[in-house]
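Spelled out, the chains give:
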Amino acid sequence: NQTLVQLAAAGTKSAAAASAEKDKDKVQPTTPDDMARLPLLQPFQIQNPSTSNVVTTLMNEQTTADTLAALIKKEEKLRSELQKAKGGDDDKDGKKGGKAKKGKSKASSSANAAKIKELEQQIDTMQLTLHQIRQNLTQYCNWTVGMLQGEYSKLAVTLDPESERYADLEEAISFLCPRVKTEEGDSYDHDQRLAYVRETLPVLKKIKSDVPPSALVEFPYLKKFQCDDPASPIISALMDEMHQLQITEQIRTRLEKTKDASRLRVLKHAEDQLDTREVATSELVRKFYRKKSIKLHPDRNGERMRPTFEAFTDARTVLSDVKLRQSYLRGMLDVYGYNPALIEQSHEAWERKHRPDKVDARPSVSESKGTLKLEGGFTHQVPRGVMIHHKREGNKYMVTLSVHVLRPVHEFYGRVRSVRVVLRNFDDVHVIKMDRSQ
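Residues numbered from 1 in each chain as written. Predicted model: local features only at pLDDT ≥ 70, side-chain atom pairs only at ≥ 80, totals over all residues. Heavy atoms only, no water.

### Digging into the overall build of the chain
Phase 1 of the analysis: Helix and strand content of the chain: 15 helices and eight strands.
Phase 2 of the analysis: Here the chain has roughly 28,300 Å² of accessible surface; of this, 50% comes from carbon and sulfur atoms. (Helix = DSSP H or I, 4+ residues; strand = E, 2+ residues; numbered from the N terminus. Areas by Shrake-Rupley, 256 points an atom, 1.4 Å probe, with all protein chains shown as cover.)

Structure representation (structure tokens):
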């Protein structure tokens, strides 16, 4: 037994050293603080990661699992080398040569036999090491489940079963310690927890989380939405949603080609968490708008509040739409990390790209010889510009051109009497003119 333990320790150290040497430029060592950042550990309220038993057992469990995976690859490589050596030896035995080649053939065959014997010994030693490490991993996994269950029991009795914190704690313990039915009875699925830690930790190391809540209240749409408190639930929800969005996108990229069931469950969990946060944020925006709009409405405060109310409503349009909201916050957060002074300029650029109808909602009007013109053109008010439809009716081929204006501005649209469209295609110029009656 003592010899077996020494072999396991030696194999573990050599595999870990080889893995570290190979990936020293790619992978940074995991610290207790890194482990404590895992989203599913947040409900356990770990105050000091370096002394936490939960963090310690998780790190030991993951290190052992990584060592086991490295040694399995090493064993596969040894078996492949052994197969080649045996195949090469068989080929040499099948070849016929002259007397001059017999000596060399004998020496080569003897060297190959020695290599085969050495590889077989290494594989035998590796199998003993793998057996010991599998036992160690099983022990660490059981300890981890015990630690998590113990922490869960201590916290659960202090929380209201109807509270959000209790629901988060239940979800965390259910995912980290899932029970499965086997022929021998109920047991825990350790692979799911190992896959979660293995795939999530590298993602968290890449994600930047140094943007303070006070940064969000400086974004123009948040200002227009009258959300000026960094500690407000909306700011917290927005930050949580963007953090989960980054996690989900990174995990989706890492696992886009995997077929492993445990890893696919990790991806599904991340996507479900993102969906939950998106719905929660949209609901907070809706409730905040309903409550605040009563105080800002012009019917209650007079026409002087109309610009403020319109800006407030316009901001709600963006913040209540999941895709627009995430696109806007992603752009503003990137700019903030680069240079906060460019926020206003980036806000205007984002509006020109994603809300062209809003940018040209109030076009300037000029009059020349009694003809009204839109400076900037209709196409800036349309997400897809001019629409061209092709239709075939029997032997006739019909092309329909339509120009859509999403938001006619005040009384200007009512004064338009005709529309003239000029189509230029290299040397050809076609002019279409329509009166209002048409």
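### Quick notes on the packing of aromatic side chains
The description of an aromatic ring pair rests on the distance of the ring centres and on the angle between the ring planes.
Phase 1 of the analysis: Applying the stated criterion across every chain yields a total of eight aromatic pairs.
Phase 2 of the analysis: Consider the rings of tyrosine 328 and tryptophan 350, whose centres lie 5.1 Å apart with planes at 75°: the pair is edge-to-face. In this pair, tyrosine 328 is assigned in helix 13 (residues 322–338) and tryptophan 350 in helix 14 (residues 343–354), connecting sequence segments 22 residues apart. For the residue pair tyrosine 328 and tryptophan 350, the accessibility class agrees, reading buried in each case.
Phase 3 of the analysis: Among the aromatic residues, those joined into a ring-pair cluster are Phe225, Phe288, Tyr289 and Phe312.
Phase 4 of the analysis: Sitting over the face of the ring of tyrosine 188, arginine 179 holds its NZ or CZ atom 4.6 Å from the ring centroid.
Phase 5 of the analysis: The cationic tip of arginine 316 hangs over the ring face of tyrosine 289; the distance from NZ or CZ to the ring centre is 4.0 Å. (Phe/Tyr/Trp six-rings, centres within 6.5 Å; stacked < 30°, edge-to-face > 60°. Buried < 20%, exposed > 50% of the residue type's maximum accessible area, 1.4 Å probe, protein only. Lys NZ or Arg CZ within 6 Å of the ring centre and 35° of its normal.)

### Focus: the nonpolar core
Phase 1 of the analysis: In this structure, Met35, Leu41 and Phe44 are the most contacted members of the largest nonpolar core, which totals 36 residues.
Phase 2 of the analysis: Within the residue set of this core, elements represented by two or more residues are helix 2 (32–36), helix 3 (53–94), helix 4 (99–156), helix 5 (164–176), helix 6 (190–206), helix 9 (233–254) and helix 10 (261–296).
Phase 3 of the analysis: Not counting the four nearest positions on each side in its chain, methionine 35 is found in contact with Thr30, Leu41, Val55, Leu58, Met59, Val197 and Leu201. (Core = buried A, V, L, I, M, F, W, Y, C linked by side-chain atoms within 4.5 Å. Contact = heavy atoms within 4.5 Å.)

### Examining helix 5
Phase 1 of the analysis: For helix 5, built from 13 residues, the straight-helix expectation of 18 Å at 1.5 Å per residue is met to within 8% by its first-to-last C-alpha distance of 18 Å.
Phase 2 of the analysis: Where helix 5 is concerned, the buried positions are Tyr166, Leu169, Ala172, Ile173, Phe175 and Leu176.
Phase 3 of the analysis: Near the N-terminus of helix 5, the side chain that reaches the backbone nitrogen of tyrosine 166, with its oxygen 3.3 Å away, is that of serine 163. (Expected span 1.5 Å × (residues − 1). Polar contact = N/O pair within 3.5 Å; in protein donor to acceptor, adjacent residues only side chain to side chain.)

### Remarks on the pattern of salt bridges
Once the charged atoms of two side chains with opposite charge are near each other, the side chains can pair.
Phase 1 of the analysis: As enumerated under the stated definition, the model contains 16 salt bridges in all.
Phase 2 of the analysis: Of the charged contacts in the structure, one is a salt bridge between arginine 265 and aspartate 189, with a shortest N-O distance of 2.9 Å. Residue arginine 265 is found in helix 10, and its partner aspartate 189 is found in the loop between strand 2 (185–188) and helix 6; the two are separated by 76 residues along the sequence.
Phase 3 of the analysis: Here aspartate 189 falls in the buried class, since its relative accessible area comes to 14%.
Phase 4 of the analysis: Here arginine 355 makes a salt bridge to aspartate 314, at a shortest N to O gap of 2.8 Å. Placement of arginine 355 in the loop between helix 14 and helix 15 (356–359) and of aspartate 314 in helix 12 (residues 306–319) is noted, with a sequence separation of 41 residues between them. Grouping residues by exposure puts arginine 355 and aspartate 314 together as buried.
Phase 5 of the analysis: Through salt bridges with shared partners, a single ionic network connects Glu199, Arg254 and Arg263. (Salt bridge = Lys/Arg side-chain N within 4 Å of Asp/Glu carboxyl O.)

### A short note on the side chain of aspartate 314
Phase 1 of the analysis: A relative accessible area of 9% places aspartate 314 in the buried class.
Phase 2 of the analysis: Contact partners of aspartate 314, with chain neighbours within four places excluded, come to Tyr221, Glu351, Arg355 and Lys358.

### Focus on helix 9
The α-helix winds at 3.6 residues per turn, so residues separated by three or four positions along the chain end up facing the same way.
Phase 1 of the analysis: Taking 1.5 Å as the rise per residue, helix 9 with 22 residues should run 32 Å; its terminal C-alpha atoms sit 32 Å apart, in good agreement.
Phase 2 of the analysis: What helix 9 keeps buried is the set Ile234, Ile235, Ala237, Leu238, Glu241, Met242, Gln244, Leu245, Ile247, Thr248 and Ile251.
Phase 3 of the analysis: Buried residues belonging to helix 9 abut helix 6, helix 7 (213–216), helix 8 (220–224), helix 10 and helix 13.

### Here we look at the confidence of the model for the chain
Phase 1 of the analysis: A residue-level look at the chain finds 75% of positions with pLDDT of 70 or above and a mean pLDDT of 80.
Phase 2 of the analysis: Below a pLDDT of 50 lies the segment residues 1–26, which in the model reaches 14 contacts outside its immediate sequence neighbourhood of four places, other chains included.
Phase 3 of the analysis: Long-range and interchain partners of residues 406–412, a stretch whose pLDDT sits below 50, account for 15 contacts in this model, where long-range means more than four residues apart. (pLDDT = per-residue confidence, 0-100.)

### Details of unusual backbone geometry
Phase 1 of the analysis: Positive phi is not limited to glycine here, since glutamine 45 has a value of about 55°.
Phase 2 of the analysis: You can see glutamine 45 is positioned in the loop between helix 2 and helix 3.
Phase 3 of the analysis: Take glutamine 45: its relative accessible area is 33%, and that puts it in the partly exposed class.
Phase 4 of the analysis: Phi is positive for glutamine 226, which is not a glycine, with a value near 60°.
Phase 5 of the analysis: In this fold, glutamine 226 is placed in the loop between helix 8 and helix 9.
Phase 6 of the analysis: On the basis of relative accessible area, glutamine 226 is assigned to the partly exposed category, the value being 27%.

### Observations concerning the environment of threonine 308
Phase 1 of the analysis: Note that threonine 308 resides in helix 12.
Phase 2 of the analysis: C-alpha of threonine 308 to C-alpha of phenylalanine 225: the two residues are 83 residues apart in sequence and 9.3 Å apart in space.

### Quick notes on the packing of helix 13 against helix 14
Phase 1 of the analysis: At a closest axis distance of 10 Å, the pairing of helix 13 and helix 14 adopts a crossing angle of 150°. Classified by the angle between their axes, helix 13 and helix 14 sit roughly antiparallel to one another. Helix-helix and strand crossings are classified by hand; for helix 13 and helix 14 the assignment is right-handed. In this structure, helix 13 uses Leu324, Ser327, Tyr328, Met332, Val335 and Tyr336 to contact helix 14, whose residues at the interface are Ile343, Ser346, His347, Trp350 and His354.
Phase 2 of the analysis: Here the contact of helix 13 with helix 14 is composed, by residue class, of seven nonpolar, four polar and no charged. (Axes fitted to C-alpha atoms, helices over the stretch in contact; angles between N-to-C directions. Parallel < 35°, antiparallel > 145°, perpendicular 65-115°, else oblique. Left-handed = near helix turned anticlockwise from the far one by under 90°. Nonpolar A, V, L, I, M, F, W, Y, C, P; charged D, E, K, R; others polar.)

### Some details on the pairing of strand 2
Phase 1 of the analysis: As paired strands, strand 1 (residues 179–182) and strand 2 are joined by four bridges and run antiparallel to one another. Counted as the bridge partner of lysine 181 is aspartate 186 from strand 2.
Phase 2 of the analysis: Following strand 1, the chain reverses through two residues before pairing antiparallel with strand 2. (Pairing = 2+ DSSP bridges.)

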